[in-house]
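# Reading the structure
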Amino acid sequence: AQKITQTQPGMFVQEKEAVTLDCTYDTSDQSYGLFWYKQPSSGEMIFLIYQGSYDEQNATEGRYSLNFQKARKSANLVISASQLGDSAMYFCAILNNAGNMLTFGGGTRLMVKP
Amino acid sequence: DAGITQSPRHKVTETGTPVTLRCHQTENHRYMYWYRQDPGHGLRLIHYSYGVKDTDKGEVSDGYSVSRSKTEDFLLTLESATSSQTSVYFCAIRPGTGTYNEKLFFGSGTQLSVL
C-alpha cells in the first residue's frame, strides 16, 4: 500500500513571495512517480509537475519546482513569485511501480493575499 | 482538453435507488479511474480499469461496481445509493503506453447528492 500525507490543511502567502507546500509519502516500491495537481474553486484538476523516483534532478515547470528528498520520502512543491491566481487546493499524489494506481493526499488550501 | 466527458454533471437521488455515472473518453487511453472527493479526504480511488473488461478495486470500493465493455466508456454504479455516497465523483484517464511520467487527465466531475 502507498500513502501520501499533506500536513498543511491551509496556508497563506503574500503575493509575489515564494511558498512551499509539504508532501511526504510512504511506499514499498523501488520505482514510483510523484505528481502535483492544482484544483481551483471551479473544480477542475490541473496537472502541475512530475518527479520520477530515479530522477536525480529536481523537476521544474515554470514557477513550480519540486524539492525531492528521497531519503526523507518528501516531495515538496515550491511556488515562486505567488500570484492571486495561485489560490487553490493543491494535491500531491504517488504512482505505484506497476503504473496503475495513483494515490492522492488530503490536499492543502493555498490562499494568496494581495 | 483531454476528451473526457462525465454524465450527468449533477444528480440528486433518494436512498436505496440505483445510480449509474458514465465516463466517456475520445483518447483511446488504456487506463480509466473513478475517484470520489470529500472534504478532508482528498481524492480516493474507487475502481480502475486497465482495459476492456479488466477492472480492479481501489481504496473505497464497497458499495460500488464498475463495467468497461468498450475502451471509451467506464461506468460506475451505485447499486443502492446511501447518504454516505454523497460526493463529487471524478473520472480520470491515463494513456498506459509504458512511459512512467504519464499524468492523469481528469473529467469535470459529477456532483451526486443522495437524500
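Scroll up to find the structure.
The text that follows walks through the structure, step by step, so that each part is easy to find.

Thresholds applied
Per chain, the residues get numbers from 1 upward, laid out in the order the sequence is written. Whichever chain is written first is A, and whichever ligand is written first is 1; the rest continue in order. Only residues with pLDDT of at least 70 are given local features in this predicted model, and only at 80 or more are side-chain atom pairs given and counted; all residues enter the totals for whole chains, interfaces and linings. Think of the side-chain values as coming from all heavy atoms in the structure, minus any hydrogens and water. Each helix corresponds to a stretch of at least 4 residues labelled H or I by DSSP, and each strand to a stretch of at least 2 residues labelled E; elements are numbered beginning at the N terminus. Both definitions apply: the radius of gyration is a C-alpha atom measure, and the globule rule equals 2.2 Å times residues to the power 0.38. Buried, partly exposed and exposed residues are distinguished by accessible area as a fraction of the type maximum, computed with a 1.4 Å probe on protein chains only: under 20%, between the cut-offs, and over 50%, respectively. We call two residues contacting when some pair of their heavy atoms lies within 4.5 Å. Accessibility throughout is a Shrake-Rupley quantity obtained with a 1.4 Å probe, and a residue counts as covered only by protein chains that appear here. Residues scored as charged are limited to Lys and Arg (positive) and Asp and Glu (negative), so that His and the chain ends carry no count. Taken as the charge centre is NZ of Lys, CZ of Arg, CG of Asp or CD of Glu, depending on the residue. Salt bridges are counted wherever a side-chain nitrogen of Lys or Arg sits within 4 Å of a carboxyl oxygen of Asp or Glu. What gets called buried area is simply the loss in accessible area from a 1.4 Å probe that two parts show on being joined, summed for both. Distance and chemistry together define a polar contact, namely a pair of N or O atoms within 3.5 Å, with one atom able to donate a hydrogen and the other to accept it when in protein, and with adjacent residues in sequence counting only for side-chain atoms on both sides. Note on residue classes: Ala, Val, Leu, Ile, Met, Phe, Trp, Tyr, Cys and Pro are nonpolar, Asp, Glu, Lys and Arg are charged, and everything else, Gly too, is polar. In plain terms, two cysteine sulfur atoms within 2.5 Å form what is called a disulfide here.

### Looking at the overall build of chain A
Each helix and strand counted, chain A has zero helices and twelve strands in total. Each helix and strand of chain A, ordered N terminal to C terminal, gives the series β-β-β-β-β-β-β-β-β-β-β-β. In terms of C-alpha radius of gyration, chain A reaches 14 Å, essentially the compact-globule figure of 13 Å for 114 residues. In terms of overall dimensions, chain A has a C-alpha envelope of 40 × 25 × 20 Å along the principal axes. Scored against the burial criterion, the 114 residues of chain A give a buried share of 51%. For chain A, the share of sequence-separated contacts (at least 6 apart) that also reach a separation of at least 24 residues comes to 55%. When the accessible surface of chain A is split by element, carbon and sulfur atoms take 47% of a total near 5400 Å². If you average the places of the 9 positive and of the 10 negative side-chain charges in chain A, the two averages end up 6 Å apart.

### Description of the pattern of salt bridges
All names here are of chain B. Applying the stated criterion to the full structure yields six salt bridges over all chains. The partner of R36 in a salt bridge is D38, with the nearest N and O atoms 2.8 Å apart. Across the pair, exposure class does not vary: R36 and D38 are buried alike. Ionic pairing is found between D38 and R44, a salt bridge with its closest N-O pair at 2.9 Å. Residues D38 and R44 agree in their burial class; the two are buried. Taken together, the shared-partner salt bridges connect R22, K70 and D73 into one network.

### Some details on the interface of chain B and chain A
Across the boundary between the two partners, chain B contributes 17 residues, which contact 22 residues of chain A. When the two sides are added together, the surface that chain B and chain A hide from each other amounts to roughly 1600 Å², 61% of it contributed by carbon and sulfur. Here chain B and chain A share zero salt bridges between them. Our count for the contact surface shared by chain B and chain A stands at six residue pairs in polar contact (both at pLDDT 80 or more). Breaking the side of chain B that touches chain A down by element, the ones donating at least two residues are β4 (31–38), β5 (42–51) and β9 (87–94) of chain B. Taken together, the residues that form the side of chain B that touches chain A break down as ten nonpolar, four polar and three charged.

### Let's talk about the state of the cysteines
All names here are of chain A. Under the counting rule described, the total for this entry stands at two disulfides over all chains. A disulfide bridge connects C23 with C92, and the sulfur atoms are separated by 2.0 Å. Handedness of the C23-C92 disulfide follows from its S-S torsion of about -65°: it is left-handed. Of this pair, C23 sits in the loop between β3 (19–21) and β4 (24–26) while C92 is found in strand β10 (residues 88–95), placing the two residues 69 residues apart along the sequence. Here C23 matches C92 in class, with each residue buried.

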